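Notes for the structure review
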Amino acid sequence: MRLEIKNLSVYYGKIEALKGISLVVNQGEIVTLIGANGAGKTTTLKTISGLRPVTSGEIVFDGVNINQIPAYERADLGISQAPEGRGIFPGMTVLENLEMGKYNRKTRKAEMSEDLARVYELFPRLKERATQAGGTLSGGEQQMLAIGRALMARPKVLLLDEPSMGLAPMMIQNIFNIITEINNQGVTILLVEQNAQQALSRAHRAYVLEIGKITKEAKAKDLLNDPHVKSAYLGTGAHEIF
Amino acid sequence: MINLRDAGATWWDNASKLKRRSLVVSLILFVYALPFLNNPIINTPGSMFESVLFYPIGMFVLLSIGLNIVVGKSGLLDLGFVAFFAIGAYTMGVLGTRTNLNFWEILPIAMGLAMLSGVLLGAPALRLRGDYLAIVTLGFGEIVRIVAVNEEFIGGARGIAGIPTPPDMFGMKFEILNPKPYYWLLVSMILLTYWAVRRMSVRRPGRAWDAIRQDDDVAQLMGVPTFKYKVWAFVLGAAVGGAGGCLYATQILSIVPDQFSLNVSILVLACVVFGGIGNPFGVMVGAIILAYLPERIRFLTQPRQLVFGVVLVLIMNLRPDGLLPRKKREKFESETV
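Residues numbered from 1 in each chain as written. Chains lettered and ligands numbered in written order. Predicted model: local features only at pLDDT ≥ 70, side-chain atom pairs only at ≥ 80, totals over all residues. Heavy atoms only, no water.

Looking at the overall build of chain B
Stated formally: Numbering of helices and strands runs from the N terminus; a helix is a DSSP stretch of H or I covering at least four residues, while a strand is a stretch of E covering at least two. The globule rule used for comparison is 2.2 Å times the number of residues to the exponent 0.38, while the radius of gyration itself is calculated over C-alpha atoms. Working definition: with a 1.4 Å probe on protein chains only, accessible area under 20% of the residue-type maximum means buried, over 50% means exposed, and in between means partly exposed. Note on contacts: a residue pair qualifies if any of its non-hydrogen atoms lie within 4.5 Å across the two residues. Where accessible areas are quoted, they stem from the Shrake-Rupley method and a 1.4 Å probe; at the residue level, only the protein chains shown are allowed to cover.
A count of helices and strands for chain B gives 14 helices and zero strands. Computed over C-alpha atoms, the radius of gyration of chain B comes to 20 Å, within 12% of the 20 Å expected from 2.2 N^0.38 for 337 residues, which places it in the range of a compact globule. Each of the three principal axes of chain B carries a C-alpha extent, and together these read 55 × 50 × 40 Å. Expressed as a percentage of its 337 residues, the buried residues of chain B come to 50%. Taking as baseline every contact in chain B between residues at least 6 positions apart, the subset at least 24 positions apart corresponds to 75%. For chain B, the accessible surface area stands at approximately 15,800 Å², while carbon and sulfur atoms represent 67% of it.

Here it is in C-alpha coordinates:
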(Lines give C-alpha, C1' and ligand atoms only; values in the text may rest on other atoms or scores of the structure.)
Protein backbone atom coordinates (compact mmCIF):
# COMPACT_ATOMS: atom_id res chain seq x y z
CA MET A 1 0.00 0.00 0.00
CA ARG A 2 1.25 3.42 -0.88
CA LEU A 3 -0.77 6.58 -1.24
CA GLU A 4 0.91 9.33 -3.12
CA ILE A 5 -0.35 12.78 -3.98
CA LYS A 6 1.51 14.61 -6.70
CA ASN A 7 1.19 18.33 -7.21
CA LEU A 8 -2.52 18.36 -6.35
CA SER A 9 -4.59 21.48 -6.99
CA VAL A 10 -8.26 21.80 -6.07
CA TYR A 11 -10.53 24.74 -6.77
CA TYR A 12 -13.81 25.73 -5.19
CA GLY A 13 -15.14 27.86 -8.02
CA LYS A 14 -12.41 30.44 -8.51
CA ILE A 15 -10.82 29.92 -5.12
CA GLU A 16 -7.76 27.74 -5.13
CA ALA A 17 -8.04 25.69 -1.96
CA LEU A 18 -5.03 23.47 -2.63
CA LYS A 19 -2.12 24.95 -4.54
CA GLY A 20 -0.17 21.99 -5.77
CA ILE A 21 0.53 19.87 -2.72
CA SER A 22 2.48 16.63 -2.71
CA LEU A 23 2.59 14.03 0.03
CA VAL A 24 3.22 10.36 0.55
CA VAL A 25 1.75 7.82 2.95
CA ASN A 26 3.63 4.55 3.21
CA GLN A 27 2.42 1.17 4.44
CA GLY A 28 2.09 1.00 8.21
CA GLU A 29 2.66 4.68 8.91
CA ILE A 30 0.65 7.27 10.74
CA VAL A 31 1.10 10.42 8.72
CA THR A 32 -0.42 13.59 10.03
CA LEU A 33 -1.39 16.73 8.23
CA ILE A 34 -1.58 19.69 10.57
CA GLY A 35 -2.64 23.22 9.88
CA ALA A 36 -4.96 26.02 10.88
CA ASN A 37 -8.60 26.49 9.92
CA GLY A 38 -9.00 26.94 6.20
CA ALA A 39 -5.54 25.62 5.34
CA GLY A 40 -7.07 22.93 3.13
CA LYS A 41 -6.79 19.88 5.38
CA THR A 42 -10.36 18.69 4.93
CA THR A 43 -10.23 19.49 1.22
CA THR A 44 -7.19 17.24 0.94
CA LEU A 45 -9.03 14.34 2.54
CA LYS A 46 -12.20 14.93 0.56
CA THR A 47 -10.19 14.90 -2.64
CA ILE A 48 -8.45 11.67 -1.71
CA SER A 49 -11.77 10.01 -0.94
CA GLY A 50 -13.31 11.40 -4.11
CA LEU A 51 -15.90 13.84 -2.79
CA ARG A 52 -14.08 16.78 -4.41
CA PRO A 53 -12.90 16.67 -8.02
CA VAL A 54 -9.22 17.12 -8.78
CA THR A 55 -8.39 20.26 -10.76
CA SER A 56 -4.85 19.24 -11.58
CA GLY A 57 -2.28 16.86 -10.23
CA GLU A 58 -2.51 13.18 -9.40
CA ILE A 59 -3.68 10.88 -6.66
CA VAL A 60 -1.87 7.57 -6.96
CA PHE A 61 -3.00 4.63 -4.86
CA ASP A 62 -1.12 1.34 -5.07
CA GLY A 63 0.54 2.57 -8.25
CA VAL A 64 -2.74 3.44 -9.98
CA ASN A 65 -3.97 6.95 -10.76
CA ILE A 66 -7.41 7.16 -9.14
CA ASN A 67 -8.30 10.72 -10.17
CA GLN A 68 -11.29 9.60 -12.21
CA ILE A 69 -12.58 6.87 -9.92
CA PRO A 70 -15.84 7.90 -8.21
CA ALA A 71 -15.95 8.14 -4.42
CA TYR A 72 -18.09 5.05 -3.92
CA GLU A 73 -15.59 2.88 -5.77
CA ARG A 74 -12.62 4.25 -3.86
CA ALA A 75 -14.21 2.82 -0.74
CA ASP A 76 -13.87 -0.57 -2.41
CA LEU A 77 -10.24 0.00 -3.29
CA GLY A 78 -9.44 0.24 0.40
CA ILE A 79 -9.67 3.95 1.14
CA SER A 80 -11.89 4.50 4.13
CA GLN A 81 -12.72 7.74 5.85
CA ALA A 82 -14.07 8.90 9.17
CA PRO A 83 -15.31 12.25 7.92
CA GLU A 84 -15.21 15.65 9.52
CA GLY A 85 -18.03 16.13 12.01
CA ARG A 86 -18.21 12.32 12.28
CA GLY A 87 -20.91 11.86 9.65
CA ILE A 88 -22.96 9.37 11.64
CA PHE A 89 -26.27 8.34 10.10
CA PRO A 90 -28.39 9.71 12.94
CA GLY A 91 -31.49 7.65 12.23
CA MET A 92 -29.69 4.32 11.99
CA THR A 93 -28.70 2.28 15.01
CA VAL A 94 -25.06 1.83 15.93
CA LEU A 95 -25.13 -1.64 14.41
CA GLU A 96 -26.74 -0.40 11.19
CA ASN A 97 -24.13 2.34 10.97
CA LEU A 98 -21.39 -0.26 11.29
CA GLU A 99 -23.04 -2.44 8.66
CA MET A 100 -23.08 0.54 6.29
CA GLY A 101 -19.29 0.53 6.54
CA LYS A 102 -19.34 -2.75 4.64
CA TYR A 103 -22.02 -1.69 2.19
CA ASN A 104 -20.17 -2.51 -0.96
CA ARG A 105 -18.57 -5.72 0.19
CA LYS A 106 -20.41 -8.81 -0.85
CA THR A 107 -19.61 -10.22 2.52
CA ARG A 108 -20.49 -13.51 3.98
CA LYS A 109 -22.04 -13.43 7.41
CA ALA A 110 -18.89 -14.86 8.95
CA GLU A 111 -16.77 -11.96 7.75
CA MET A 112 -19.34 -9.46 8.97
CA SER A 113 -19.43 -10.84 12.49
CA GLU A 114 -15.65 -11.17 12.52
CA ASP A 115 -15.25 -7.47 11.69
CA LEU A 116 -17.99 -6.48 14.11
CA ALA A 117 -16.21 -8.38 16.86
CA ARG A 118 -12.97 -6.59 16.02
CA VAL A 119 -14.62 -3.18 16.17
CA TYR A 120 -16.47 -4.02 19.39
CA GLU A 121 -13.19 -5.12 20.93
CA LEU A 122 -11.65 -1.74 20.12
CA PHE A 123 -14.76 0.14 21.22
CA PRO A 124 -16.63 -1.85 23.88
CA ARG A 125 -18.92 1.16 24.31
CA LEU A 126 -20.31 0.63 20.81
CA LYS A 127 -21.32 -2.90 21.69
CA GLU A 128 -23.29 -1.64 24.69
CA ARG A 129 -25.08 0.83 22.46
CA ALA A 130 -25.54 -1.41 19.43
CA THR A 131 -29.31 -0.91 19.19
CA GLN A 132 -29.28 2.78 20.02
CA ALA A 133 -29.78 5.41 17.32
CA GLY A 134 -26.56 7.04 16.11
CA GLY A 135 -28.01 10.47 16.75
CA THR A 136 -28.40 9.77 20.48
CA LEU A 137 -24.70 9.06 21.08
CA SER A 138 -22.37 11.54 22.74
CA GLY A 139 -19.72 13.27 20.64
CA GLY A 140 -16.99 10.89 21.71
CA GLU A 141 -19.13 7.84 21.07
CA GLN A 142 -20.03 9.17 17.63
CA GLN A 143 -16.35 9.57 16.85
CA MET A 144 -15.76 5.98 17.95
CA LEU A 145 -18.61 4.92 15.70
CA ALA A 146 -17.21 6.89 12.76
CA ILE A 147 -13.81 5.25 13.16
CA GLY A 148 -15.33 1.83 13.78
CA ARG A 149 -17.52 2.15 10.71
CA ALA A 150 -14.53 3.07 8.58
CA LEU A 151 -12.67 0.02 9.90
CA MET A 152 -15.53 -2.29 8.90
CA ALA A 153 -14.47 -1.94 5.27
CA ARG A 154 -11.04 -3.44 6.11
CA PRO A 155 -9.29 -0.37 4.77
CA LYS A 156 -5.76 -0.31 3.43
CA VAL A 157 -5.57 3.31 4.44
CA LEU A 158 -7.75 5.04 7.00
CA LEU A 159 -8.38 8.76 6.61
CA LEU A 160 -9.25 10.52 9.85
CA ASP A 161 -10.59 14.06 9.70
CA GLU A 162 -10.14 15.87 13.03
CA PRO A 163 -11.12 13.00 15.30
CA SER A 164 -10.52 15.19 18.37
CA MET A 165 -12.84 17.98 17.28
CA GLY A 166 -15.31 19.04 19.94
CA LEU A 167 -14.36 16.32 22.43
CA ALA A 168 -13.55 16.54 26.13
CA PRO A 169 -9.82 16.24 26.97
CA MET A 170 -10.25 12.78 28.51
CA MET A 171 -12.03 11.57 25.40
CA ILE A 172 -9.35 13.08 23.15
CA GLN A 173 -6.72 11.07 24.98
CA ASN A 174 -8.88 7.99 24.64
CA ILE A 175 -9.44 8.46 20.90
CA PHE A 176 -5.73 9.01 20.20
CA ASN A 177 -4.82 5.91 22.20
CA ILE A 178 -7.17 3.94 20.01
CA ILE A 179 -5.71 5.46 16.85
CA THR A 180 -2.26 4.28 17.94
CA GLU A 181 -3.74 0.88 18.72
CA ILE A 182 -5.34 0.60 15.29
CA ASN A 183 -2.06 1.50 13.67
CA ASN A 184 -0.28 -1.14 15.75
CA GLN A 185 -2.71 -3.65 14.28
CA GLY A 186 -1.33 -2.77 10.87
CA VAL A 187 -3.69 -0.13 9.50
CA THR A 188 -2.07 2.77 7.69
CA ILE A 189 -3.45 6.13 8.80
CA LEU A 190 -3.58 9.62 7.35
CA LEU A 191 -4.57 11.87 10.21
CA VAL A 192 -5.74 15.43 9.77
CA GLU A 193 -5.68 17.43 12.99
CA GLN A 194 -5.77 20.82 14.58
CA ASN A 195 -4.64 19.34 17.85
CA ALA A 196 -1.01 19.39 16.72
CA GLN A 197 0.41 18.34 20.08
CA GLN A 198 -1.44 15.03 20.10
CA ALA A 199 -1.13 14.41 16.38
CA LEU A 200 2.62 15.00 16.31
CA SER A 201 3.31 12.85 19.32
CA ARG A 202 1.39 9.92 17.77
CA ALA A 203 2.44 10.16 14.13
CA HIS A 204 5.57 8.95 12.39
CA ARG A 205 5.78 11.71 9.85
CA ALA A 206 4.03 15.04 9.48
CA TYR A 207 3.23 17.69 6.92
CA VAL A 208 2.37 21.28 7.75
CA LEU A 209 -0.30 22.77 5.49
CA GLU A 210 -0.65 26.56 5.28
CA ILE A 211 -3.18 28.26 3.01
CA GLY A 212 -3.18 25.47 0.47
CA LYS A 213 0.57 24.80 0.44
CA ILE A 214 2.75 22.34 2.24
CA THR A 215 5.33 24.39 4.05
CA LYS A 216 7.09 21.68 6.04
CA GLU A 217 7.64 17.98 5.91
CA ALA A 218 9.51 16.17 8.64
CA LYS A 219 9.53 13.43 11.21
CA ALA A 220 6.70 14.16 13.61
CA LYS A 221 9.02 14.24 16.63
CA ASP A 222 11.24 16.83 15.01
CA LEU A 223 8.29 19.10 14.34
CA LEU A 224 7.35 18.99 18.01
CA ASN A 225 10.54 20.95 18.64
CA ASP A 226 10.39 23.16 15.58
CA PRO A 227 10.17 26.80 16.70
CA HIS A 228 7.78 27.84 13.96
CA VAL A 229 5.44 24.91 14.54
CA LYS A 230 5.67 25.51 18.28
CA SER A 231 4.57 29.09 18.00
CA ALA A 232 1.96 28.59 15.32
CA TYR A 233 0.34 25.30 16.38
CA LEU A 234 1.48 24.28 19.82
CA GLY A 235 0.82 27.57 21.57
CA THR A 236 4.24 27.69 23.22
CA GLY A 237 7.66 29.07 22.46
CA ALA A 238 6.43 32.25 20.86
CA HIS A 239 9.25 34.15 22.54
CA GLU A 240 11.79 32.18 20.53
CA ILE A 241 10.59 33.90 17.39
CA PHE A 242 9.60 37.34 18.52
CA MET B 1 -50.96 13.33 23.00
CA ILE B 2 -50.88 9.54 22.80
CA ASN B 3 -48.33 8.27 20.36
CA LEU B 4 -50.46 6.31 17.93
CA ARG B 5 -47.50 5.18 15.91
CA ASP B 6 -45.59 3.72 18.83
CA ALA B 7 -48.69 2.13 20.34
CA GLY B 8 -49.51 0.54 17.00
CA ALA B 9 -45.95 -0.51 16.32
CA THR B 10 -45.59 -2.06 19.78
CA TRP B 11 -48.79 -4.04 19.30
CA TRP B 12 -47.60 -5.17 15.87
CA ASP B 13 -44.15 -6.18 17.13
CA ASN B 14 -45.63 -8.23 19.96
CA ALA B 15 -48.46 -9.79 17.99
CA SER B 16 -48.22 -13.39 16.88
CA LYS B 17 -47.99 -14.26 13.21
CA LEU B 18 -51.61 -15.41 13.24
CA LYS B 19 -52.83 -12.14 14.75
CA ARG B 20 -50.87 -10.11 12.23
CA ARG B 21 -52.09 -12.16 9.29
CA SER B 22 -55.72 -11.98 10.36
CA LEU B 23 -55.49 -8.24 10.87
CA VAL B 24 -53.97 -7.73 7.43
CA VAL B 25 -56.46 -10.06 5.74
CA SER B 26 -59.48 -8.47 7.41
CA LEU B 27 -58.19 -4.99 6.57
CA ILE B 28 -57.78 -5.94 2.93
CA LEU B 29 -61.24 -7.55 2.81
CA PHE B 30 -62.71 -4.46 4.43
CA VAL B 31 -61.08 -2.23 1.81
CA TYR B 32 -62.36 -4.40 -1.05
CA ALA B 33 -65.85 -4.40 0.47
CA LEU B 34 -65.98 -0.63 0.96
CA PRO B 35 -68.15 0.16 -2.09
CA PHE B 36 -70.95 -1.91 -0.52
CA LEU B 37 -70.75 -0.15 2.84
CA ASN B 38 -72.79 2.76 1.67
CA ASN B 39 -73.78 4.02 5.11
CA PRO B 40 -74.57 7.59 6.15
CA ILE B 41 -71.52 8.02 8.41
CA ILE B 42 -68.79 7.47 5.86
CA ASN B 43 -70.89 8.35 2.85
CA THR B 44 -70.01 11.40 0.77
CA PRO B 45 -73.13 13.48 0.19
CA GLY B 46 -72.94 15.35 -3.07
CA SER B 47 -70.84 12.80 -4.92
CA MET B 48 -71.05 9.11 -5.64
CA PHE B 49 -69.29 7.16 -2.90
CA GLU B 50 -67.88 4.42 -5.14
CA SER B 51 -66.58 7.06 -7.47
CA VAL B 52 -64.91 8.99 -4.65
CA LEU B 53 -63.25 5.76 -3.51
CA PHE B 54 -61.55 5.49 -6.89
CA TYR B 55 -60.75 9.14 -7.38
CA PRO B 56 -59.52 10.95 -5.40
CA ILE B 57 -59.02 8.51 -2.49
CA GLY B 58 -57.53 5.43 -4.13
CA MET B 59 -55.65 7.40 -6.74
CA PHE B 60 -54.04 9.65 -4.14
CA VAL B 61 -53.07 6.66 -2.05
CA LEU B 62 -51.29 5.13 -5.05
CA LEU B 63 -49.58 8.38 -6.02
CA SER B 64 -48.53 9.03 -2.44
CA ILE B 65 -46.90 5.62 -2.16
CA GLY B 66 -45.02 6.41 -5.36
CA LEU B 67 -43.93 9.86 -4.24
CA ASN B 68 -42.95 8.49 -0.85
CA ILE B 69 -40.16 6.47 -2.48
CA VAL B 70 -38.70 9.73 -3.76
CA VAL B 71 -39.45 12.19 -0.97
CA GLY B 72 -39.80 9.92 2.04
CA LYS B 73 -37.20 7.22 1.42
CA SER B 74 -34.48 9.06 -0.45
CA GLY B 75 -35.18 12.58 0.79
CA LEU B 76 -35.41 14.14 -2.68
CA LEU B 77 -37.97 16.91 -2.79
CA ASP B 78 -39.98 16.42 -5.97
CA LEU B 79 -42.58 19.10 -6.71
CA GLY B 80 -43.36 17.89 -10.20
CA PHE B 81 -44.71 14.43 -9.53
CA VAL B 82 -47.84 15.21 -11.53
CA ALA B 83 -45.70 15.03 -14.68
CA PHE B 84 -45.45 11.25 -14.46
CA PHE B 85 -49.16 10.97 -13.71
CA ALA B 86 -49.85 13.06 -16.81
CA ILE B 87 -47.47 11.03 -18.97
CA GLY B 88 -49.23 7.83 -17.90
CA ALA B 89 -52.65 9.31 -18.60
CA TYR B 90 -51.66 10.71 -21.99
CA THR B 91 -50.05 7.44 -23.01
CA MET B 92 -53.36 5.73 -22.30
CA GLY B 93 -55.23 8.50 -24.08
CA VAL B 94 -53.14 8.56 -27.24
CA LEU B 95 -52.55 4.84 -27.64
CA GLY B 96 -56.08 4.00 -26.54
CA THR B 97 -57.71 6.22 -29.15
CA ARG B 98 -55.24 5.76 -32.01
CA THR B 99 -54.34 2.10 -31.80
CA ASN B 100 -56.12 -1.13 -31.00
CA LEU B 101 -54.10 -1.80 -27.91
CA ASN B 102 -56.17 -2.35 -24.77
CA PHE B 103 -55.54 -1.11 -21.25
CA TRP B 104 -53.44 -4.08 -20.22
CA GLU B 105 -51.14 -3.66 -23.19
CA ILE B 106 -50.85 0.09 -22.70
CA LEU B 107 -50.19 -0.07 -18.94
CA PRO B 108 -46.59 -1.35 -19.25
CA ILE B 109 -45.93 1.14 -22.06
CA ALA B 110 -47.26 3.98 -19.90
CA MET B 111 -45.09 2.89 -16.99
CA GLY B 112 -42.11 2.53 -19.30
CA LEU B 113 -42.56 6.01 -20.75
CA ALA B 114 -42.97 7.48 -17.28
CA MET B 115 -39.79 5.72 -16.18
CA LEU B 116 -37.95 6.95 -19.25
CA SER B 117 -39.01 10.51 -18.54
CA GLY B 118 -37.93 9.90 -14.95
CA VAL B 119 -34.44 9.12 -16.22
CA LEU B 120 -34.48 12.10 -18.60
CA LEU B 121 -35.43 14.44 -15.79
CA GLY B 122 -33.45 12.68 -13.09
CA ALA B 123 -30.11 12.31 -14.81
CA PRO B 124 -29.41 16.03 -15.01
CA ALA B 125 -31.59 17.21 -12.12
CA LEU B 126 -30.38 14.78 -9.48
CA ARG B 127 -26.94 16.35 -9.54
CA LEU B 128 -28.66 19.17 -7.69
CA ARG B 129 -29.66 18.98 -4.07
CA GLY B 130 -32.46 20.20 -1.84
CA ASP B 131 -34.22 23.36 -2.90
CA TYR B 132 -32.56 23.45 -6.31
CA LEU B 133 -33.84 20.00 -7.15
CA ALA B 134 -37.31 21.04 -5.98
CA ILE B 135 -37.33 24.00 -8.37
CA VAL B 136 -36.21 21.94 -11.36
CA THR B 137 -38.86 19.29 -10.72
CA LEU B 138 -41.47 22.01 -10.28
CA GLY B 139 -40.49 23.32 -13.70
CA PHE B 140 -40.65 19.85 -15.21
CA GLY B 141 -44.21 19.37 -13.99
CA GLU B 142 -45.24 22.62 -15.61
CA ILE B 143 -43.39 21.86 -18.84
CA VAL B 144 -45.31 18.63 -19.29
CA ARG B 145 -48.64 20.38 -18.77
CA ILE B 146 -47.79 23.28 -21.06
CA VAL B 147 -46.59 20.93 -23.80
CA ALA B 148 -49.90 19.10 -23.47
CA VAL B 149 -51.80 22.36 -23.85
CA ASN B 150 -49.89 23.39 -26.95
CA GLU B 151 -49.34 20.13 -28.79
CA GLU B 152 -52.22 19.51 -31.17
CA PHE B 153 -51.18 15.90 -31.77
CA ILE B 154 -52.31 15.06 -28.25
CA GLY B 155 -55.40 17.21 -28.38
CA GLY B 156 -54.05 20.56 -27.21
CA ALA B 157 -56.18 22.36 -24.65
CA ARG B 158 -59.22 20.23 -25.58
CA GLY B 159 -57.42 17.11 -24.46
CA ILE B 160 -58.36 13.61 -25.53
CA ALA B 161 -61.87 12.20 -25.41
CA GLY B 162 -63.24 8.73 -26.02
CA ILE B 163 -60.53 6.80 -24.22
CA PRO B 164 -61.52 3.12 -24.18
CA THR B 165 -62.31 1.22 -20.99
CA PRO B 166 -60.35 -1.91 -20.03
CA PRO B 167 -61.68 -5.24 -21.36
CA ASP B 168 -64.08 -7.15 -19.13
CA MET B 169 -62.53 -9.14 -16.29
CA PHE B 170 -64.04 -11.92 -14.20
CA GLY B 171 -67.41 -11.11 -15.73
CA MET B 172 -67.19 -7.47 -14.59
CA LYS B 173 -67.80 -4.69 -17.03
CA PHE B 174 -65.71 -1.52 -16.76
CA GLU B 175 -68.20 1.30 -17.27
CA ILE B 176 -68.20 4.99 -16.51
CA LEU B 177 -71.28 4.65 -14.29
CA ASN B 178 -69.95 1.63 -12.45
CA PRO B 179 -66.69 2.61 -10.72
CA LYS B 180 -66.51 -0.54 -8.57
CA PRO B 181 -64.36 -2.65 -10.93
CA TYR B 182 -61.98 0.29 -11.35
CA TYR B 183 -61.80 0.66 -7.62
CA TRP B 184 -61.00 -3.00 -7.10
CA LEU B 185 -58.38 -2.87 -9.80
CA LEU B 186 -56.86 0.20 -8.19
CA VAL B 187 -56.84 -1.43 -4.74
CA SER B 188 -55.01 -4.40 -6.24
CA MET B 189 -52.44 -2.09 -7.79
CA ILE B 190 -51.99 -0.30 -4.46
CA LEU B 191 -51.47 -3.56 -2.60
CA LEU B 192 -48.97 -4.76 -5.17
CA THR B 193 -47.05 -1.48 -5.08
CA TYR B 194 -47.12 -1.33 -1.30
CA TRP B 195 -45.80 -4.86 -1.07
CA ALA B 196 -43.03 -4.17 -3.58
CA VAL B 197 -41.97 -0.97 -1.83
CA ARG B 198 -41.93 -2.73 1.53
CA ARG B 199 -39.78 -5.52 0.14
CA MET B 200 -37.32 -3.08 -1.32
CA SER B 201 -37.17 -0.93 1.79
CA VAL B 202 -35.76 -3.66 3.97
CA ARG B 203 -33.08 -4.68 1.49
CA ARG B 204 -29.98 -3.05 0.12
CA PRO B 205 -31.78 -0.35 -1.89
CA GLY B 206 -33.73 0.65 1.22
CA ARG B 207 -30.56 0.92 3.25
CA ALA B 208 -28.90 2.92 0.50
CA TRP B 209 -31.85 5.36 0.33
CA ASP B 210 -31.80 5.75 4.11
CA ALA B 211 -28.10 6.57 3.97
CA ILE B 212 -28.52 9.03 1.10
CA ARG B 213 -31.32 10.82 2.90
CA GLN B 214 -29.37 11.12 6.11
CA ASP B 215 -26.02 12.10 4.64
CA ASP B 216 -25.34 12.02 0.93
CA ASP B 217 -21.56 12.51 1.14
CA VAL B 218 -21.02 9.92 3.83
CA ALA B 219 -23.16 7.46 1.92
CA GLN B 220 -20.67 7.79 -0.95
CA LEU B 221 -17.77 7.25 1.43
CA MET B 222 -19.43 4.00 2.51
CA GLY B 223 -19.47 2.86 -1.10
CA VAL B 224 -23.07 3.65 -1.99
CA PRO B 225 -23.40 4.70 -5.64
CA THR B 226 -25.68 7.53 -4.57
CA PHE B 227 -26.45 8.94 -7.99
CA LYS B 228 -27.57 5.58 -9.30
CA TYR B 229 -29.86 5.00 -6.33
CA LYS B 230 -31.34 8.48 -6.58
CA VAL B 231 -32.18 7.96 -10.23
CA TRP B 232 -33.68 4.58 -9.33
CA ALA B 233 -35.85 6.15 -6.64
CA PHE B 234 -36.99 8.71 -9.16
CA VAL B 235 -37.70 6.11 -11.83
CA LEU B 236 -39.64 3.82 -9.49
CA GLY B 237 -41.71 6.75 -8.27
CA ALA B 238 -42.32 7.68 -11.89
CA ALA B 239 -43.45 4.15 -12.74
CA VAL B 240 -46.06 4.26 -9.98
CA GLY B 241 -47.20 7.71 -11.12
CA GLY B 242 -47.43 6.50 -14.72
CA ALA B 243 -49.47 3.45 -13.76
CA GLY B 244 -51.81 5.67 -11.76
CA GLY B 245 -52.24 8.04 -14.68
CA CYS B 246 -52.96 5.22 -17.09
CA LEU B 247 -55.71 3.82 -14.88
CA TYR B 248 -57.08 7.30 -14.21
CA ALA B 249 -57.42 8.00 -17.93
CA THR B 250 -59.20 4.76 -18.66
CA GLN B 251 -61.73 5.46 -15.92
CA ILE B 252 -62.43 9.14 -16.60
CA LEU B 253 -62.47 8.47 -20.39
CA SER B 254 -61.47 12.00 -21.36
CA ILE B 255 -58.48 13.99 -20.18
CA VAL B 256 -57.54 17.65 -20.46
CA PRO B 257 -54.24 19.28 -19.48
CA ASP B 258 -55.85 21.19 -16.62
CA GLN B 259 -56.29 17.97 -14.68
CA PHE B 260 -52.53 17.78 -14.35
CA SER B 261 -51.78 21.11 -12.70
CA LEU B 262 -49.27 21.88 -9.98
CA ASN B 263 -52.07 21.42 -7.45
CA VAL B 264 -51.91 17.66 -7.89
CA SER B 265 -48.19 17.58 -7.09
CA ILE B 266 -48.72 19.73 -4.03
CA LEU B 267 -51.66 17.69 -2.81
CA VAL B 268 -49.81 14.40 -3.19
CA LEU B 269 -46.85 15.89 -1.35
CA ALA B 270 -49.26 17.09 1.35
CA CYS B 271 -50.58 13.53 1.70
CA VAL B 272 -47.02 12.24 2.18
CA VAL B 273 -46.11 14.87 4.76
CA PHE B 274 -49.48 14.73 6.50
CA GLY B 275 -49.44 10.95 6.84
CA GLY B 276 -45.86 10.72 8.09
CA ILE B 277 -43.07 11.12 5.63
CA GLY B 278 -41.13 7.92 5.01
CA ASN B 279 -43.65 5.54 6.56
CA PRO B 280 -45.62 3.97 3.69
CA PHE B 281 -48.47 2.92 5.95
CA GLY B 282 -48.76 6.39 7.44
CA VAL B 283 -48.63 7.88 3.97
CA MET B 284 -51.58 5.71 2.92
CA VAL B 285 -53.57 6.82 5.94
CA GLY B 286 -52.68 10.45 5.23
CA ALA B 287 -53.75 10.18 1.62
CA ILE B 288 -57.02 8.52 2.56
CA ILE B 289 -57.87 11.30 5.00
CA LEU B 290 -56.76 14.19 2.80
CA ALA B 291 -58.59 12.86 -0.23
CA TYR B 292 -61.71 11.80 1.65
CA LEU B 293 -62.23 14.86 3.83
CA PRO B 294 -63.02 17.41 1.08
CA GLU B 295 -65.54 14.98 -0.41
CA ARG B 296 -67.13 14.20 2.95
CA ILE B 297 -67.76 17.88 3.61
CA ARG B 298 -68.81 18.73 0.08
CA PHE B 299 -72.30 19.62 1.40
CA LEU B 300 -70.70 22.65 3.05
CA THR B 301 -70.23 24.07 -0.47
CA GLN B 302 -68.49 27.45 -0.08
CA PRO B 303 -66.64 27.07 3.23
CA ARG B 304 -65.44 23.58 2.25
CA GLN B 305 -61.90 24.58 1.34
CA LEU B 306 -61.64 26.75 4.43
CA VAL B 307 -62.60 23.87 6.73
CA PHE B 308 -60.16 21.61 4.90
CA GLY B 309 -57.38 24.14 5.37
CA VAL B 310 -58.12 24.62 9.06
CA VAL B 311 -58.09 20.86 9.67
CA LEU B 312 -54.77 20.58 7.84
CA VAL B 313 -53.18 23.36 9.86
CA LEU B 314 -54.53 22.02 13.15
CA ILE B 315 -53.30 18.49 12.61
CA MET B 316 -49.88 19.56 11.40
CA ASN B 317 -49.57 21.64 14.56
CA LEU B 318 -50.62 18.80 16.81
CA ARG B 319 -48.51 16.21 15.01
CA PRO B 320 -45.66 18.02 13.26
CA ASP B 321 -44.09 14.75 12.07
CA GLY B 322 -47.33 13.65 10.45
CA LEU B 323 -50.05 11.32 11.67
CA LEU B 324 -47.91 8.20 11.77
CA PRO B 325 -44.25 9.22 11.55
CA ARG B 326 -41.53 6.70 10.76
CA LYS B 327 -39.74 5.01 13.60
CA LYS B 328 -39.11 7.35 16.45
CA ARG B 329 -35.34 7.18 16.36
CA GLU B 330 -35.25 8.76 12.95
CA LYS B 331 -36.42 12.00 14.47
CA PHE B 332 -32.80 12.61 15.32
CA GLU B 333 -32.17 13.28 11.68
CA SER B 334 -33.65 16.74 11.86
CA GLU B 335 -32.15 17.50 15.24
CA THR B 336 -28.56 16.67 14.48
CA VAL B 337 -28.20 17.88 10.92
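Focus: the sheet that holds strand 5 (residues 64-65) of chain A
Residues and elements named next belong to chain A. Here is the rule we go by: Any two strands are treated as partners once DSSP identifies two or more bridges connecting them. Fitted lines through C-alpha atoms give the axes, limited to the stretch in contact for helices. The angle between two N-to-C directions lies from 0 to 180 degrees.
Reading across from one edge, 2-1-4-5 is the order of the four strands in this open sheet, with antiparallel pairing throughout. With partners counted over all chains shown, the strands left at the sheet margins are strand 2 (15-26) and strand 5, one partner each. Bridging between strand 1 (residues 2-12) and strand 2 involves nine bridges; their strand directions are antiparallel. Bridge assignment links L8 to a residue of strand 2, and that residue is I21. Sitting on the sheet, helix 1 (residues 41-49) is in contact with strand 1, strand 2 and strand 4 (56-61), with an inclination near 115° to strand 1.

Some details on the interface of chain B and chain A
As a reminder, the rule being used: Once two parts are put together, the accessible area they lose, assessed with a 1.4 Å probe and summed over both, is termed the buried area. Salt bridges are counted wherever a side-chain nitrogen of Lys or Arg sits within 4 Å of a carboxyl oxygen of Asp or Glu. Under the convention adopted here, Pro, Cys and the residues Ala, Val, Leu, Ile, Met, Phe, Trp and Tyr are nonpolar, Asp, Glu, Lys and Arg are charged, and Gly plus all remaining residues are polar.
Contacts between chain B and chain A engage 23 residues on the former and 23 residues on the latter. Overall, the association of chain B and chain A removes approximately 2,200 Å² of surface from exposure, summing both partners, and the carbon and sulfur fraction of that is 65%. Put simply, chain B and chain A have two salt bridges between them. Mapped onto the side of chain B that touches chain A, the elements with two or more residues apiece are helix 8 (204-214), helix 9 (216-221) and helix 14 (332-336) of chain B. In terms of residues, the side of chain B that touches chain A owes the most to one element, helix 8 of chain B, which gives seven residues. By residue class, the composition of the side of chain B that touches chain A is 11 nonpolar, four polar and eight charged.

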